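Commentary on secondary and tertiary structure
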Amino acid sequence: MGFDGEKLEQVVLALFQMNLSDDSGRRAWKSLPWSVMDSLHQKGYISDPATKNKSVWLSEEGAKLSKELFEKLFVLE
């Protein structure tokens, strides 16, 4: 399954806007915003992100939705 790497890069660059860490508008955190991670956890899509682990587990529903969205947004037809 091939995917649109250019589109994926554009999405990552767009997400950096949510993670700007100073007034320069050019420095961004490389992790996802806690508010979004907490919301995904509250919806039951991922395990609790507020741990020392550097990863989260996707629930069955979260993994299914993640795959569907990835294919919808990035898979080349």
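This text follows the structure it describes.
A few words on the environment of Trp-29. The residue Trp-29 is located in the loop between helix 1 (5-16) and helix 2 (34-42) in this model. For the pair formed by Trp-29 and Leu-65, sequence separation is 36 residues and the distance between their alpha carbons is 25 Å. When near neighbours in sequence (up to four residues on either side) are disregarded, Trp-29 contacts Phe-16, Asn-19 and Ser-21.

Right, let's talk about the pattern of salt bridges for a bit. Applying the stated rule across the entire model yields two salt bridges. The salt bridge partner of Glu-68 is Lys-64, with a shortest N-O separation of 3.4 Å. In this pair, Glu-68 and Lys-64 both sit in helix 3 (residues 60-74), four residues apart, roughly one turn of the helix. On the accessibility criterion, Glu-68 (40% relative accessible area) is partly exposed. You can call Lys-64 exposed: its relative accessible area is 55%.

How each quantity is defined
- Residues numbered from 1 in each chain as written.
- Predicted model: local features only at pLDDT ≥ 70, side-chain atom pairs only at ≥ 80, totals over all residues.
- Heavy atoms only, no water.
- Helix = DSSP H or I, 4+ residues; strand = E, 2+ residues; numbered from the N terminus.
- Contact = heavy atoms within 4.5 Å.
- Salt bridge = Lys/Arg side-chain N within 4 Å of Asp/Glu carboxyl O.
- Buried < 20%, exposed > 50% of the residue type's maximum accessible area, 1.4 Å probe, protein only.

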